[in-house]
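Residues per chain are reported as follows:
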Amino acid sequence: MDSRGLDYTVLVIAIIGTINWGLIGFFNFNLVAFLFGNMTWFSRIIYAIVGIVGLYLISYFGRIGSMGKQQQ
């Protein structure tokens, strides 16, 4: 099954999430809270989606290993 579209979408969401964490770490500025409010229902949904994306990205470890075996 080709899941490239899902993979690219997940990577974009993960990149946006890491940029937000970088802003928090370097400048103490939470972009999600700034745009959607501090722990509103919408911001909590965004945090949950980023968390689910992180769990999905764990599956990359298995797929990366299997890609190397297919090319040999």
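Anything mentioned here points back to the structure above.
Since this is a predicted model, take the numbers as computed values, not measurements.

Trainee: Could you clarify how one ought to interpret the environment of Asp2 in this entry?
Mentor: Tracing the chain through its elements places Asp2 in the segment before α1 (4-27). Measuring from C-alpha to C-alpha, the distance between Asp2 and Val32 comes to 32 Å, with 30 residues separating the pair along the chain.

Trainee: I tried to follow unusual backbone geometry on my own but got confused; where do I start?
Mentor: Phi is positive for Asn28, close to 55 degrees, though the residue is something other than glycine. One can find Asn28 in the loop between α1 and α2 (31-36). Look at Met39: it is not a glycine, yet its phi comes out positive at around 60 degrees. Mapping Met39 onto the fold places it in the loop between α2 and α3 (41-57). The class for Met39 is partly exposed, based on a relative accessible area of 46%.

What counts and what doesn't
Within every chain, residues take consecutive numbers counted from 1 along the sequence as written. Totals for whole chains, interfaces and linings use every residue, but because this is a predicted model, local features are given only for residues with pLDDT of at least 70 and side-chain atom pairs only at 80 or more, for both listing and counting. Side-chain descriptors were evaluated using all non-hydrogen atoms of the structure, hydrogens and water having been removed beforehand. In this text, helices come from DSSP runs of H or I with a minimum length of four residues, and strands from runs of E with a minimum of two, each type numbered from the N-terminal end. The classification of residues rests on relative accessible area computed with a 1.4 Å probe and restricted to protein chains. Under 20% of the type maximum is buried, over 50% is exposed, and intermediate values are partly exposed.

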